Amino acid sequence: MARKRNRQGAARLRERGHHAFLEGNYDTAIELWQRVGEQFKKMQPKRIFAEAYFRRGVERIHQQDKVDTGVEDLRRALEMYPDDPRFTYHLGLGLHLQGNQKEAVRIYEKLRKDESEIAERAAFPLALSLLQQEKPPEEHPVWDDLSETERAMLRDVQTFRRRPYKLDDAAPPLWHGVVALDEGDLDKATSLLQEALDASEAAEKSAFIHYYLGNAAGQQEDWETARQHWIEAESLGMTSPSLTLNLGESFHRLAEARLEEDDAKSALRAARKATRYRPDKPSLKELRAQAHHRLGYQAANQGDWSQAEEQWQKAYDLEDGSFRAAYNLALAYERHEDYLQAGETWREVLRRRPRKDDHRDAISDEEVAQLWKRAAQAYVKAGEYDEAVHVYRMAVKWNPDNLETRMELVRGLLDNGQFQAAENELGRILDRDSEYVPALVLMGEVLAAHARWWEQSAAPSYLQRALELEPSNLEAQQALIDYYLNEAEDSLRWGRLEYAYEMLQQALDHQPQNVDVLTLLGRCHVMADEMDEVQACVARILDRDKLTMREYMACIDLWLRAEKPEKIAQVITQAEETLPNVPPDAYMAIGTYYLQDARYTEEKDVELAREWLERAVEHSGPDSLVLLQIGEMLSAITQQYDLAAEYLNRAIEADQKPSAAYTSLALISLRQGDQRQGRRYLRKAETIARQEKDYEELDRIRALREMATMPPGLLNALLSSPFGPFGPGGPFPEEF
């Protein structure tokens, strides 16, 4: 049974081979029939198998790069049918074209013994092969079987075997044109060859004439005309190594000319055609790469970085990853914001850099360091801080005296969380230049933020030294102020007023009008119940040409802490008189302050808060949502639910986003344990939100509805969470 199946499979292979043969696909037919013979030799179709080898061999011997394989195919066909005159004749032609004249003559002579039409056709190639072996064909019996035209042709050919060429006057214009070309008389040669071309009717002969006309034009540096003649010769079926070389050279020259004219697209097309004729010529590969480089630059200048990257990638592939091509690719990746790939490619650039100083692309050690630095910057943008640090170290290694690069290494270490290493590197920078201001400033910042507590006290000395060298250095000033402020705030938390005073006074020595410092100093005086000193701080804050709401709110903060409502009123009045408008958030912030701690809120605080909240309403515009904002704020951070509900209901009446107001009322009901009322409010909120297609509010309602079924304890915990959608938060800016 298995053998029967195998025979059926072989039969199918044989049939598939037959179809391939009929389609002219001799490679497939031969392969399939070989597989048939491997399984069942008797099933192999011998005659058509030989015919397939014969036809493929004939095709190949007329292709310059396949003559040898064509001869092998013809030998196989002849082995199968040794007496077939067609197989014999074409094997002789194949050997002839291969240059094996001795065996070709043997084949031709064997064939001539037959009395067939093909035997007669072998006469001229036999005579030509003898001539190519330096054997006079006139002395061979074949001479008698040649026509007079063939004899004349062979005599003309013999003329060209030795210089100087001597032709009979009766020789055709073609041969006289070839002689004139050999003698350098290009005008005469062109005229005679053109005459021969006009009279020629045979394609093969015309191809030959076009070839020589192209040679004449080429010697006159008329490469355009030469190329057209050679292209025509090729199209008429001429195949010869010299024609291939000429075509390759002409397209090569055209590509160079177009590139010099800055026509990179035409140059690339010509270079590709030249490569078809001269695929192994290195200079053509280089020329194509240059064209791709040029096209990449053009695309980059037009802002088309995708096209630039594509062109430079092709140049990179052609140049096997050259330094210049890798450099361009890295630039393209940067512009694409593909920073990880850019970093990798910059490293490839460095690996590909020329090592010899006399190379055209040679770069100095400093430039090497800059490329390492650029690679590191790309890694930083890609968030690859480990790689960035490693590469920054390479940049420092190549140019250890470049302090800017060393500073970038420090920043890379800081980004990577390597604070001690950053501090150590800053120390090495200052060892090289103790007055390098950027390192002094950064050392002060690093010590203040990351050093151990017993080392932090050294931070001001670095910042003060930086200011001695550059008194106007704003970064050093701010870093020093921040240090003193942080120290003062920490001291206040521990009740160390004296040290806080000391720190703040040192800060004021540098910036006497700094609002943050004066505000914190005022808080110290509030804690010490020194109202005159608080007033002095307020006066200093307000003693400036242009005041903003920030300064006024700083003063209000101090009087709120000091529980001086009359002073607050004075400050807000001054703000109303000097500013174009006081934002409602400012009044809301003041009002909310009185309600922050529900445990100690008294009725007078509620009334005082209401006064400020009403002023917020008064100072709001017609399109404001101030009533809703007040209600949500009171609900979220004061636990004044009755007051919050009052403002939310007023928001509904004023049509200030009623869906959100109902949601907040539901939130209040749920916090108070009234889940039924909460659900009623949610239904109203949902109806309005759906009508208004407010999908954000619908998400908020959905989340609250899911929470409404939870136990009261868990529900309150979730509603009070600062991380949830209903957690505490104020609607006014952080600085208020």
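Since the structure is predicted, the reported quantities are computational estimates derived from the model, not experimental observations.

Student: A description of the overall build of the chain should follow, citing residues and the corresponding values.
Tutor: A count of helices and strands for the chain gives 40 helices and 0 strands. Relative to a compact globule of 736 residues, whose C-alpha radius of gyration would be 27 Å, the chain shows 48 Å and is clearly more extended. Along the first, second and third principal axes, the C-alpha atoms of the chain reach 140 × 75 × 50 Å. Here the chain, with 736 residues, has 47% of them falling under the buried criterion. Total accessible area computed for the chain in this model is approximately 39,400 Å², and 46% of it derives from carbon and sulfur atoms.

Student: Give a detailed account of the pattern of salt bridges, specifying residues and quantitative values.
Tutor: Scanning the entire structure with this criterion turns up 38 salt bridges. Between Asp694 and Lys657 there is a salt bridge whose closest N-O contact spans 3.7 Å. Linking Asp694 in the loop between helix H38 (675-692) and helix H39 (695-707) with Lys657 in the loop between helix H36 (641-653) and helix H37 (658-671), this pair joins segments that are 37 residues apart in sequence. Relative accessible area serves as the criterion here: at 16%, Asp694 is assigned to the buried category. Between Arg690 and Glu686 there is a salt bridge, with the nearest N and O atoms lying 2.9 Å from each other. Taken together, the positions of Arg690 and Glu686, both in helix H38 and 4 residues apart, correspond to about one turn of that helix. Overlapping salt bridges, with partners in common, bring together Arg47, Glu51, Arg55, Asp84 and Arg86 in one network.

Student: Any chance you could break down the nonpolar core for me, citing the residues and the numbers?
Tutor: Leu426 and Ile630 are the most contacted members of the largest nonpolar core, which totals 141 residues. Each residue touching Leu426, except ones within four places of it in the same chain, is listed here: Met407, Val410, Ala439, Leu442, Met443 and Val446. Core analysis: the next-biggest nonpolar cluster, separate from the first, contains 40 residues, Ala29, Leu91, Ile107 and Ile118 among them.

Student: Explain unusual backbone geometry to me, using residue names and the numbers behind them.
Tutor: The phi dihedral of Asp529 falls on the positive side, at around 55°, and the residue is not glycine. Tracing the backbone through its elements, the reader meets Asp529 in the loop between helix H29 (515-527) and helix H30 (531-542). Residue classification places Asp529 among the exposed residues on the basis of a relative accessible area of 60%.

Student: Pulling in residues and values, what's your account of the packing of helix H23 (residues 419-432) against helix H24 (residues 437-450)?
Tutor: Packing of H23 against H24 leaves a shortest axis separation of 10 Å and a crossing angle of 155°. Classified by the angle between their axes, H23 and H24 sit roughly antiparallel to one another. For the element pair H23 and H24, the recorded crossing hand is left-handed. The segment H23 lies against H24, with Phe419, Glu423, Leu426, Gly427, Ile429 and Leu430 engaging Ala439, Leu440, Leu442, Met443, Val446, Leu447 and His450. Class assignment of the residues belonging to the contact of H23 with H24 gives a composition of 10 nonpolar, 2 polar and 1 charged.

Student: Could you give me a rundown of the environment of Glu256, with the residues and numbers involved?
Tutor: Its location among the elements puts Glu256 in helix H14 (residues 241-260). Measuring from C-alpha to C-alpha, the distance between Glu256 and Ala270 comes to 8.7 Å, with 14 residues separating the pair along the chain.

Student: Just give me the short version of H23, but keep the residues and values in it.
Tutor: An ideal rise of 1.5 Å per residue puts 20 Å on 14 residues; H23 measures up with 20 Å between its terminal C-alpha atoms. What H23 keeps buried is the set Ala422, Glu423, Glu425, Leu426, Ile429 and Leu430. On an axial view of H23, the arc spanned by its buried residues comes to 165°, and they lie on one face.

Student: Would you mind going over a positive patch on the surface in detail, with residue names and values included?
Tutor: A cluster of basic residues, Arg676, Arg679, Arg680, Arg683 and Lys684, forms a positive patch on the protein surface. With respect to the secondary-structure elements, Lys684 resides in helix H38.

Student: Describe the packing of helix H20 (residues 365-381) against helix H21 (residues 385-398), naming the residues involved and giving the relevant values.
Tutor: One can describe the packing of H20 onto H21 by two numbers: an axis separation of 8 Å at closest approach and a directional angle of 170°. Taken together, the axes of H20 and H21 are roughly antiparallel relative to one another. Listed contacts from H21 to Asp365, Val368, Ala369, Trp372, Lys373, Ala375, Ala376, Gln377, Tyr379 and Val380 of H20 are Tyr385, Glu387, Ala388, Val391, Tyr392, Met394, Ala395 and Trp398. Here the contact of H20 with H21 is built from residues that sort into 14 nonpolar, 1 polar and 3 charged.

Student: Quick one: what's the story with the packing of aromatic side chains, residue by residue and with numbers?
Tutor: Summed over the entire model, instances satisfying the criterion amount to 15 aromatic pairs. Residues Trp33 and Phe49 carry aromatic rings whose centres are separated by 6.0 Å and whose planes lie at 80° to one another, so their mutual orientation is edge-to-face. Within this pair, whereas Trp33 is found in helix H2 (residues 26-39), its partner Phe49 is found in helix H3 (residues 46-61), the two being separated by 16 residues in sequence. Residues Trp33 and Phe49 agree in their burial class; the two are buried. Note on Tyr587 and Trp612: the rings are 6.3 Å apart at their centroids and 20° apart in plane angle, and the pair reads as stacked. Of the two residues, Tyr587 sits in helix H33 (residues 584-593) while Trp612 sits in helix H34 (residues 603-618), which places them 25 residues apart along the sequence. Classification of Tyr587 by relative accessible area gives buried; the value is 0%.

Student: Now, about the environment of Ala50: what can you tell me, with residues and values included?
Tutor: With respect to the helices, strands and loops of the structure, Ala50 is situated in helix H3. The class for Ala50 is buried, based on a relative accessible area of 0%. Through-space distance from the C-alpha of Ala50 to that of Leu78 is 7.8 Å; in sequence the pair is 28 residues apart. Residues contacting Ala50, with those up to four places away along its chain left out, are Ala77, Met80, Tyr81 and Phe87.

Student: Any chance you could break down the state of the cysteines for me, citing the residues and the numbers?
Tutor: In this structure the tally under the stated criterion is 0 disulfides. Cys537 takes part in no disulfide bond, and the closest cysteine sulfur to it belongs to Cys524, at a distance of 8.7 Å. Here Cys555 is not cross-linked by a disulfide; its sulfur's nearest cysteine counterpart is in Cys537, at 9.5 Å. Taking the relative accessible area as the measure of exposure, Cys555 reaches 0% and is therefore buried.

Student: So what about the confidence of the model for the chain? Which residues, and what values?
Tutor: Considering every residue of the chain, the mean pLDDT works out to 84; 90% of them sit at 70 or more. The secondary structure element of the chain with the lowest average pLDDT is helix H40 (residues 712-720), at 57, and the one with the highest is H30, at 94. Here residues 727-736 is modelled with pLDDT under 50, and outside its nearest four sequence neighbours on either side it reaches 27 contacts, counting other chains as well.

Rules behind the numbers
Residues numbered from 1 in each chain as written. Predicted model: local features only at pLDDT ≥ 70, side-chain atom pairs only at ≥ 80, totals over all residues. Heavy atoms only, no water. Helix = DSSP H or I, 4+ residues; strand = E, 2+ residues; numbered from the N terminus. Rg over C-alpha atoms; globule rule 2.2 N^0.38 Å. Buried < 20%, exposed > 50% of the residue type's maximum accessible area, 1.4 Å probe, protein only. Areas by Shrake-Rupley, 256 points an atom, 1.4 Å probe, with all protein chains shown as cover. Salt bridge = Lys/Arg side-chain N within 4 Å of Asp/Glu carboxyl O. Core = buried A, V, L, I, M, F, W, Y, C linked by side-chain atoms within 4.5 Å. Contact = heavy atoms within 4.5 Å. Axes fitted to C-alpha atoms, helices over the stretch in contact; angles between N-to-C directions. Parallel < 35°, antiparallel > 145°, perpendicular 65-115°, else oblique. Left-handed = near helix turned anticlockwise from the far one by under 90°. Nonpolar A, V, L, I, M, F, W, Y, C, P; charged D, E, K, R; others polar. Expected span 1.5 Å × (residues − 1). Arc of directions from axis to C-beta. Patch = residues over 30% accessible without salt bridge, like charges linked within 9 Å, V, L, I, M, F, W, Y side chains within 5 Å. Lys, Arg positive; Asp, Glu negative; His and termini not counted. Charge placed at Lys NZ, Arg CZ, Asp CG, Glu CD. Phe/Tyr/Trp six-rings, centres within 6.5 Å; stacked < 30°, edge-to-face > 60°. Disulfide = S-S within 2.5 Å. pLDDT = per-residue confidence, 0-100.

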